[in-house]
Amino acid sequence: MESSPLPHLQNESNGNHHHVSKKSKPSLISESDLRLEFSHHDPSIARINNGSFGSCPASVSAAQRHWQLQYLRQPDYFYFNLLQPAILRSRTLIKDLVNADHVDEISLVDNATTAAAIVLQQTAWAFTEGRFKRGDAVVMLHYAYGAVKKSIHAYVCRAGGQVIEVPLPFPVNSNEEIVDEFRRALMRGKANGSRVRLAVIDHITSMPSVVIPVKELVKICREEGVDQVFVDAAHAIGCTDVDMKEIGADFYTSNLHKWFFCPPSVAFLYSRKTLETSAELHHPVVSHEYGNGLAIESGWIGTRDYSAQLVVPDAIEFTNRFEGGIEGIKKRNHGGVVEMGKMLASAWGTNLGTPPKMCASLIMVGLPVSLGISSDSDALKLRTHLREKFGVEVPIYYRQPKDEEVDPITGYARISYQVYNTINDYYKLRDAINQLVSDGFTCALLSK
């Protein structure tokens, strides 16, 4: 198999065109142009961890630098004349991308963790002000992102609420396994006359990475009388389908710097427009715009670099240089990560952590049992070893075995697939693991 990435790349002589804007109709991106867009990546590293920090192409970075220089050139003019119209333009584009009803439903914040703090702050106030009673519940998935789990405990438990975790199997074979566990967790939250005030549902869990059936879980929440639903979709936009009307959540957040080619850091928070939610949502950094609505509050939280929020138009323009735009990118990334995941599992004699339909642009691949991954610490040490010795960047997940399992797979690599990846990135990981196995390596050796 050749090292050239990927079916989405077009030869420079290709005559196909795609609308980027009313001003120009550039050709689909060529392989050489794509390499230039990501030439700032370290060429010695097989970078198959797009999921953690994303990747910003050079053209979008240049647009960001332009905004930064606009500020440095004349700060007062920038803040009073340029900033808010540019933020509004980004919010309007995102509103259309995610099929929200109104631009006021879209706020720009630093990241999904900030968005979670905004929603959980509202929930904590409802407990402290007596609108929710002590012992009422917030339900979250066991595999919720670590920072968000800690935020839930910090805001909700201190305010008098209880937290119910939904235990999820891994590996997972079907959506039904997730749905069944979710229903049981809601029943626990409603025991003894309590109510479930908020359900926090991941769209794509981080570690292990699984696409969650959010539309079905939101529907169940409505049927079971859950007050509000917050979808933490840090990985979603640019990675899987995101439609506010179809999903039906009260709150939904996704990072734009992970899979949508924006620089770090920027995320959107969708909050369904109702009188109640509009009045009670506030940015945790209180500044001059407090009380003017979350979107306006978030657009001015003091002197800072807002440039990442202003380049959404440029990120969209970049995606439109690919056949099918962002939809085409998502489809090809999904196909690529499944193909590479199957190749690795076959090479190592292991299995995937989910069926292909339950992954997006990330997939979990079992690692050989002989590596002896027996703790989270082992997983982190192996990740560091792969980076430092083999030039491979990939997260490793430790799965605690069940008592009755014989020779279980306890380690999984979470591989990502983005437009800049080539097949050689995954061969490099395959060969590194095969060499470790051949050398008789175990994680216990890293402790010595």
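See the structure shown above.
All values reported here derive from a predicted model rather than from experimental measurement.

A. Structural view of the overall build of the protein. What the protein contains, in helices and strands, is 16 helices and 12 strands. Residue burial in the protein is summarised as follows: out of 448 residues, 56% are buried. Summing over all exposed atoms, the protein offers an accessible surface of approximately 19,400 Å²; the carbon and sulfur share of this is 50%. Between the mean site of the 46 positive side-chain charges and the mean site of the 50 negative ones, the protein shows a separation of 2 Å.

B. Summary view of the packing of aromatic side chains. Within the structure shown, the criterion is met by 16 aromatic pairs. Aromatic side chains tryptophan 67 and phenylalanine 78 sit 6.3 Å apart centroid to centroid with 70° between the ring planes, which places their arrangement in the edge-to-face category. In this pair, tryptophan 67 sits in helix α3 (residues 58–73) while phenylalanine 78 sits in helix α4 (residues 75–97), placing the two residues 11 residues apart along the sequence. The exposure class of tryptophan 67 is buried, given its relative accessible area of 19%. The class of phenylalanine 78 is buried, set by a relative accessible area of 4%. Judged by centre distance (5.6 Å) and plane angle (90°), the ring pair of phenylalanine 170 and tyrosine 397 falls under edge-to-face. Here the residue phenylalanine 170 occupies a position in the loop between β4 (162–166) and α7 (175–189), and tyrosine 397 occupies one in strand β11 (residues 396–398), the gap between them amounting to 227 residues. Of the aromatic side chains, those joined through ring pairs into one cluster are Trp67, Tyr71, Phe78, Tyr79, Phe80, Trp300 and Tyr306. Just above the ring of phenylalanine 390 sits the side chain of lysine 389; from NZ or CZ to the centre is 5.7 Å.

C. Seen up close, the sheet that holds strand β12 (residues 411–416). Taken together, the 3 strands give an open sheet; going across it, the order is β9-β12-β11, and neighbouring strands pair in antiparallel fashion. Since the sheet does not close on itself, it has two edges, and those belong to β9 (362–366) and β11, each with one partner. For this sheet the average axis-to-axis angle between neighbouring strands, irrespective of direction, equals 30°. Set on the sheet, helix α14 (residues 325–348) makes contact with β9 and β12; between it and β9 the angle comes to about 5°.

D. Structural context of the sheet that holds strand β7 (residues 251–255). One open sheet accounts for 7 strands, arranged β2-β8-β7-β6-β5-β3-β4; its pairing is mixed. With partners counted over all chains shown, the strands left at the sheet margins are β2 (106–109) and β4, one partner each. Between one strand axis and the next, the sheet turns by 20° as a mean value, whatever way the strands run. Pairing between strand β5 (residues 196–202) and strand β6 (residues 228–232): 5 bridges, direction parallel. Its bridge partner being in β6, isoleucine 201 is matched across the sheet by valine 231. This element, helix α6 (residues 146–159), spans β3 (137–141), β4, β5 and β6 of the sheet and lies at about 155° to β4. Seen against the sheet, helix α8 (residues 214–223) touches β5 and β6 and runs at an angle of roughly 175° to β5.

E. Representation of the pattern of salt bridges. A full pass over the atoms with the stated rule returns 23 salt bridges. Note that arginine 184 and glutamate 181 form a salt bridge whose closest N and O atoms lie 3.3 Å from each other. With arginine 184 and glutamate 181 both in helix α7 and 3 residues apart, the pair spans about one turn of that helix. Linked through salt bridges whose partners overlap, the residues forming this network are Asp136, Arg195, Arg197 and Asp227.

F. Fine view of the pairing of β2. Both faces of β2 are covered, namely the face carrying Ile106 and Leu108 and the face carrying Ser107 and Val109. Two elements, β2 and strand β8 (residues 267–271), share 4 bridges in a ladder whose sense is antiparallel. Opposite leucine 108, over in β8, you have phenylalanine 268 as the bridge partner.

G. Structural context of unusual backbone geometry. Cis peptide bonds are those with omega within 30 degrees of zero, and the linkage from phenylalanine 170 to proline 171 qualifies with -5°. As for its placement among the helices and strands, proline 171 is situated in the loop between β4 and α7. Cis geometry is adopted by the peptide bond preceding proline 208, which originates at methionine 207 and carries an omega value of -5°. Unusually for a residue other than glycine, phenylalanine 261 sits at a positive phi of about 70°. Looking at where phenylalanine 261 falls in the secondary structure, it is placed in the loop between β7 and β8. Residue classification places phenylalanine 261 among the buried positions, given a relative accessible area of 0%.

H. Highlighting the packing of α3 against helix α13 (residues 312–319). Running from N to C, α3 and α13 point in directions that differ by 160°, and their axes come no closer than 9 Å. Taken together, the axes of α3 and α13 are roughly antiparallel relative to one another. In this structure, α3 crosses over α13, and the sense of that crossing is right-handed. Touching Ser59, Val60 and Ala63 of α3 are Asp314, Ala315 and Phe318, all from α13.

I. Quick peek at the side chain of aspartate 378. Structurally, the position occupied by aspartate 378 is in helix α15 (residues 376–390). It is lysine 381 that comes nearest to the buried, bridge-free aspartate 378 among opposite-charge side chains, at 5.2 Å. Beyond its immediate sequence surroundings of up to four residues, aspartate 378 is in contact with Gly372, Ile373 and Cys443.

J. View of the nonpolar core. Phe182, Ile201, Tyr252 and Phe268 are the most contacted members of the largest nonpolar core, which totals 79 residues. It is α4 that contributes the most residues to this core, 7 residues altogether. Ignoring sequence-local partners within four residues, the contact set of phenylalanine 182 consists of Val139, Leu141, Val166, Ala199, Ile201, Leu217, Ile220 and Cys221. Formed by 36 residues, the second largest nonpolar core is a distinct cluster that contains Ala46, Ala379, Val392 and Ala432.

K. Representation of α6 in the model. In this model α6 runs 20 Å from its N-terminal to its C-terminal C-alpha over 14 residues, within 8% of the 20 Å that 1.5 Å per residue would give. All buried positions along α6 are accounted for by Val148, Lys149, Ser151, Ile152, Val156 and Ala159. Here the buried residues of α6 occupy an arc of 160° about the axis, which is enough to place them on one side. Along α6, exposed side chains directed more than 90 degrees from the buried face belong to Lys150 and Arg158. At the exit of α6 stands glycine 160, carrying a positive phi of roughly 110°.

Parameters and conventions
Residues numbered from 1 in each chain as written. Predicted model: local features only at pLDDT ≥ 70, side-chain atom pairs only at ≥ 80, totals over all residues. Heavy atoms only, no water. Helix = DSSP H or I, 4+ residues; strand = E, 2+ residues; numbered from the N terminus. Buried < 20%, exposed > 50% of the residue type's maximum accessible area, 1.4 Å probe, protein only. Areas by Shrake-Rupley, 256 points an atom, 1.4 Å probe, with all protein chains shown as cover. Lys, Arg positive; Asp, Glu negative; His and termini not counted. Charge placed at Lys NZ, Arg CZ, Asp CG, Glu CD. Phe/Tyr/Trp six-rings, centres within 6.5 Å; stacked < 30°, edge-to-face > 60°. Lys NZ or Arg CZ within 6 Å of the ring centre and 35° of its normal. Pairing = 2+ DSSP bridges. Axes fitted to C-alpha atoms, helices over the stretch in contact; angles between N-to-C directions. Contact = heavy atoms within 4.5 Å. Salt bridge = Lys/Arg side-chain N within 4 Å of Asp/Glu carboxyl O. Parallel < 35°, antiparallel > 145°, perpendicular 65-115°, else oblique. Left-handed = near helix turned anticlockwise from the far one by under 90°. Core = buried A, V, L, I, M, F, W, Y, C linked by side-chain atoms within 4.5 Å. Expected span 1.5 Å × (residues − 1). Arc of directions from axis to C-beta.

Shape descriptors only; they carry no functional weight alone.
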